[in-house]
Amino acid sequence: MNFHVRKMTEIPAYSQQPALAGADEVLALFERYADPEAGRCLRENVLAQVVSWRWASGAMVQDEPFEYELNYRFLKAPRGRWLREDKAREQEHVRCGFDAAGRIVMASAYGSFQDIWLHGSGRITKLVFSLDQDAGSWKVHAAKLSLLDADGRLQAQYSRFRSAWQMLASAEFFRWDQGRVVGKQGVETDDGGAPCHYRYDYEVDGDGGLERISFCRTDAGGLALEKARTRYRRPVQGERIPELAAAITERLLSRIPELVRQAALDEPLYALLLCYTEEDFDAAWPPFLVWGRQSWRAGVTETPGYYLWAPDEIRAVGDAHERWLDDDETLTSLCLRHKALMADRGSQASGRKVLLEVVRQLNLLDWSGITPVTDDFVVVLADNSGEVDPRPKMKAYLPPGRLALLRERGWLQC
């Protein structure tokens, strides 16, 4: 079941959700290979099965249908492609090992990760090892059990993943209709946390190509608890990043003042924060707005006012301080296609340029006719995750007079 293929028609079908419990088995695998010696022996046994090697620019195995489209916003890299050996670099690329049956059974990535696949009757087990630089040893990082029917068709996957601060576990069951995958349902838990149930639905064209992926959280019985959100939309053929970026810029510039006016705020704003997430850019694309209310500024005693420009701090006091833009279907569709193309390129630079241009132009508007504002009101680009201090970049887009006024009053040093 190594999904080297890209076409849905080449992926085997399964028609019923299985009632197979693999969570305990995955946990046992994780615990068994947490022992460095056991992990070393396993990797050596798999290495002995390798009969040939080939270099690639990225991951070349899909462990489930549409895995790249589901996860591209976390990968932040274009699809993997095969490389000539003389073009490969160990610290940047992936070395894939094939067994005698032509299956990838080992992949060494970037000098610090090693994936292995164990093929058995009705199952494929994947283990991911990461190099602990301090200890100089390999540790099991993730485990996945894929269960297949008698014809080798995917039924369910059970996974465990160790992050820097917790252990995550998931169980997913795939839904098929007339030979094509149409979605999956799953549940995810972390250490001691409540289970999170969810559902993905896939829309495919007549040739089995993926058009759209939508996601929603559900109850334990699969009943949706929220409106489904689009996670992926296939780019239109011939569409290019510059044209999409221009359309997104135009849409944001027209919609943001309109939305602020509709909010009918009852107190002046000292700032409107246009928010994105540095650590996961696609998570807030389209971006969202946070109101910088004068009452919040009046309560900030720290100068030169970092907390004035920190959306995560403002949002902590309640969602009445924010406005998301993902209910705009036109904007959302543009952004989904834009980020899919950015992912194929492996860069979010286009999105960041859009944000800078939008915030620059919004600062040229007369906001006094749109909503109550202070005399030093500004529109600010802010990272919601708090990783990036927004103040140093303000001089790139704020009008000089407004910048000087904020500095004079002690609200800003940049």
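Residues numbered from 1 in each chain as written. Predicted model: local features only at pLDDT ≥ 70, side-chain atom pairs only at ≥ 80, totals over all residues. Heavy atoms only, no water.

## Things to note about the overall build of the chain
(1) Moving on: Helix and strand counts for the chain stand at nine helices and 17 strands.
(2) Moving on: Counting over 414 residues, the chain shows a buried share of 49%.
(3) Moving on: Partitioning the intrachain contacts of the chain with sequence separation of at least 6 by distance along the chain shows that 56% fall at a separation of at least 24.
(4) Moving on: Surface exposure of the chain reaches about 20100 Å², of which carbon and sulfur atoms provide 49%.
(5) Moving on: Once the 53 positive and 61 negative side-chain charges of the chain are each reduced to a mean point, those two points are 4 Å apart. (Helix = DSSP H or I, 4+ residues; strand = E, 2+ residues; numbered from the N terminus. Buried < 20%, exposed > 50% of the residue type's maximum accessible area, 1.4 Å probe, protein only. Contact = heavy atoms within 4.5 Å. Areas by Shrake-Rupley, 256 points an atom, 1.4 Å probe, with all protein chains shown as cover. Lys, Arg positive; Asp, Glu negative; His and termini not counted. Charge placed at Lys NZ, Arg CZ, Asp CG, Glu CD.)

## Some remarks on the nonpolar core
(1) Moving on: Counting 55 residues, the largest nonpolar core has Ile256, Leu272, Trp309 and Trp367 as the members making the most contacts within it.
(2) Moving on: When neighbours within four sequence positions are excluded, Ile256 is seen to be in contact with Leu272, Leu274, Leu289, Leu325, Val358, Leu362 and Trp367.
(3) Moving on: Of all hydrophobic cores here, the second largest spans 26 residues; its members include Leu70, Val94, Cys96 and Tyr232. (Core = buried A, V, L, I, M, F, W, Y, C linked by side-chain atoms within 4.5 Å.)

## Topic: the sheet that holds strand 17 (residues 373-383)
(1) Moving on: Spatial ordering of the open sheet is given by 16-15-14-17, a layout of four strands whose pairing is mixed. Of all the strands in the sheet, the pair left with one neighbour each is strand 16 (322-324) and strand 17. Direction aside, neighbouring strands of the sheet carry axes that sit 15° apart on average.
(2) Moving on: Of the strand pairs in this sheet, strand 14 (residues 269-276) and strand 15 (residues 288-293) are connected by six bridges, and their pairing is antiparallel. If you follow Leu272 over to strand 15, its bridge partner there is Trp291.
(3) Moving on: Docked against the sheet, helix 4 (residues 241-263) engages strand 14, strand 15 and strand 16, running at close to 50° with respect to strand 15. (Pairing = 2+ DSSP bridges. Axes fitted to C-alpha atoms, helices over the stretch in contact; angles between N-to-C directions.)

## Notes on the packing of helix 4 against helix 8 (residues 349-362)
(1) Moving on: Packing of helix 4 against helix 8 brings their axes to within 10 Å, and their N-to-C directions diverge by 35°. Classified by chirality, the crossing of helix 8 by helix 4 is right-handed. In this structure, helix 4 uses Ile241, Ala245, Ile248, Thr249, Leu252, Leu253, Ile256 and Pro257 to contact helix 8, whose residues at the interface are Ser350, Val354, Glu357, Val358, Gln361 and Leu362.
(2) Moving on: Here the contact of helix 4 with helix 8 is composed, by residue class, of ten nonpolar, three polar and one charged. (Left-handed = near helix turned anticlockwise from the far one by under 90°. Nonpolar A, V, L, I, M, F, W, Y, C, P; charged D, E, K, R; others polar.)

## A closer look at the confidence of the model for the chain
(1) Moving on: Mean pLDDT for the chain: 86, with 91% of residues reaching 70 or above.
(2) Moving on: Of the regions scoring below 50 in pLDDT, residues 1-20 engages in 65 contacts with residues more than four places distant in sequence or in other chains. (pLDDT = per-residue confidence, 0-100.)

## Quick word on the packing of aromatic side chains
(1) Moving on: As enumerated under the stated definition, the model contains eleven aromatic pairs in all.
(2) Moving on: A ring pair is formed by Tyr198 and Tyr200, whose centres lie 5.8 Å apart and whose planes are at 80°; its orientation type is edge-to-face.
(3) Moving on: A relative accessible area of 9% places Tyr198 in the buried class.
(4) Moving on: The exposure class of Tyr200 is buried, given its relative accessible area of 14%.
(5) Moving on: Taking the centre distance of 4.1 Å and the plane angle of 15° together, the rings of Phe288 and Trp324 count as stacked. Separated by 36 residues along the polypeptide, Phe288 in strand 15 and Trp324 in strand 16 bring together distant segments of the chain.
(6) Moving on: Residue class for Trp324 comes out partly exposed when judged on its relative accessible area of 30%.
(7) Moving on: Grouped by ring-pair contacts, the aromatic residues Tyr198, Tyr200 and Phe215 constitute a single cluster.
(8) Moving on: A cation over an aromatic ring shows up here: Arg43 above the ring of Phe129, its NZ or CZ 5.0 Å from the ring centre.
(9) Moving on: Lying over the aromatic face of Trp53, Arg95 brings its terminal NZ or CZ to 4.0 Å of the ring centre. (Phe/Tyr/Trp six-rings, centres within 6.5 Å; stacked < 30°, edge-to-face > 60°. Lys NZ or Arg CZ within 6 Å of the ring centre and 35° of its normal.)

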